[in-house]
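# Topology and contacts: notes
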Amino acid sequence: MKQEWTEELEYLEEEGMEEKDSTKEEQEERELAISFYMEELSDMVELTKEEEASLLDQVLKGEETAKQRLIEGNLKYVIQICAGYIGKGIPLGDLIQEGNIALLLAVAEFKGTTQEEFRTHLEAYIREKMEELLHIEEQKENVGQRMVERANMLSEVSKALADELGREPSAEELARRLSMTEDEIRDIMKMSLDALSVMTSGAEEESEPTYPEDLQEVMEELEQEE
């Protein structure tokens, strides 16, 4: 049983270690932390059905020691659920952390009476938290994409205005063309450049981000006006 679990954990580590926007040192630290955690889990005694049923009865009576054993005995179950979310954009470490928090809350909030009710409640609670984590990640990616799209839009408008005027447009002229305020133009430019900075920064070597030349010129012009 332990050998099978160790092999499963090794597979999960290999599949779930890749992380976006992380330096080599940060990723190595996270890999080491997960490896230690996996080793601890491999030595943990799994719950039998009989023991879990007994623990649930004790937990419902308010016994804290039983609650702790019930939580520890289900840590491997959290990993099994996390495995289904590997490759969807969330690092394995984050999945495990969120799953363990969900386990703690699920045990604390369980109001049922049977083992079957507990298993259903636990799985549903953990999966709900996994889906929430995925949703948050998707929202972050969407915001970053919208910032890039706005940067491209401003870049195109700026270039068109520069061709018309024979010089770089001011914030006022850009705002007038796009039916925005000057503050909105400045905010969009700054947020867009921040998003581009994150998306274009190197993972292994730190370097200054580069932007489209016309976009950079417009931003410099806006900074001079402030």
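Residues numbered from 1 in each chain as written. Predicted model: local features only at pLDDT ≥ 70, side-chain atom pairs only at ≥ 80, totals over all residues. Heavy atoms only, no water.

Right, let's get into the packing of aromatic side chains. Summed over the entire model, instances satisfying the criterion amount to one aromatic pair. Between phenylalanine 110 and phenylalanine 118 the ring centres are 5.4 Å apart and the planes differ by 75 degrees, which places this aromatic pair in the edge-to-face class. Note on phenylalanine 110: relative accessible area 9%, which makes it buried. Classification of phenylalanine 118 as buried rests on a relative accessible area of 0%. Against the face of tyrosine 77 rests arginine 119, its NZ or CZ located 4.5 Å from the ring centre. (Phe/Tyr/Trp six-rings, centres within 6.5 Å; stacked < 30°, edge-to-face > 60°. Buried < 20%, exposed > 50% of the residue type's maximum accessible area, 1.4 Å probe, protein only. Lys NZ or Arg CZ within 6 Å of the ring centre and 35° of its normal.)

Below, the discussion takes up the pattern of salt bridges. Taken as a whole and judged by the stated rule, the model has nine salt bridges. Here glutamate 123 makes a salt bridge to arginine 127, at a shortest N to O gap of 3.0 Å. Highlighted residues: glutamate 123 and arginine 127, both in helix H7 (residues 115-165), separated by four residues, approximately one helical turn. (Salt bridge = Lys/Arg side-chain N within 4 Å of Asp/Glu carboxyl O. Helix = DSSP H or I, 4+ residues; strand = E, 2+ residues; numbered from the N terminus.)

Once that is clear, we can look at the confidence of the model for the chain. A residue-level look at the chain finds 71% of positions with pLDDT of 70 or above and a mean pLDDT of 76. For the chain, the element scoring lowest by mean pLDDT is helix H1 (residues 2-16), at 51; helix H3 (residues 49-60) scores highest, at 92. pLDDT under 50 marks residues 202-215. Its contacts with residues more than four places away, or in other chains, come to 17 contacts. (pLDDT = per-residue confidence, 0-100. Contact = heavy atoms within 4.5 Å.)

Between helix H4 (residues 64-72) and helix H6 (residues 92-109), the shortest axis-to-axis distance is 10 Å and the interhelical angle comes to 140 degrees. On the basis of the axis angle, H4 is oblique to H6. Regarding H4 and H6, the two cross each other, and that crossing is right-handed. Between H4 and H6, the contacting residues are Lys67, Leu70 and Ile71 on the first element and Leu103, Leu104 and Val107 on the second. In terms of residue class, the contact of H4 with H6 is built from five nonpolar, no polar and one charged. (Axes fitted to C-alpha atoms, helices over the stretch in contact; angles between N-to-C directions. Parallel < 35°, antiparallel > 145°, perpendicular 65-115°, else oblique. Left-handed = near helix turned anticlockwise from the far one by under 90°. Nonpolar A, V, L, I, M, F, W, Y, C, P; charged D, E, K, R; others polar.)

Below, the discussion takes up the nonpolar core. Leu70, Leu95, Ile96, Leu103, Phe118, Leu122 and Ile126 are the most contacted members of the largest nonpolar core, which totals 35 residues. Counting only elements with at least two residues in this core, the list comes to helix H2 (24-42), H3, H4, helix H5 (75-83), H6 and H7. When sequence neighbours within four positions are dropped, the list of residues in contact with leucine 70 reads Leu47, Glu52, Leu55, Leu56, Val59, Val107 and Phe118. Grouped together as the second largest cluster of nonpolar side chains are nine residues, Leu154, Leu174, Ile185 and Met189 included. (Core = buried A, V, L, I, M, F, W, Y, C linked by side-chain atoms within 4.5 Å.)

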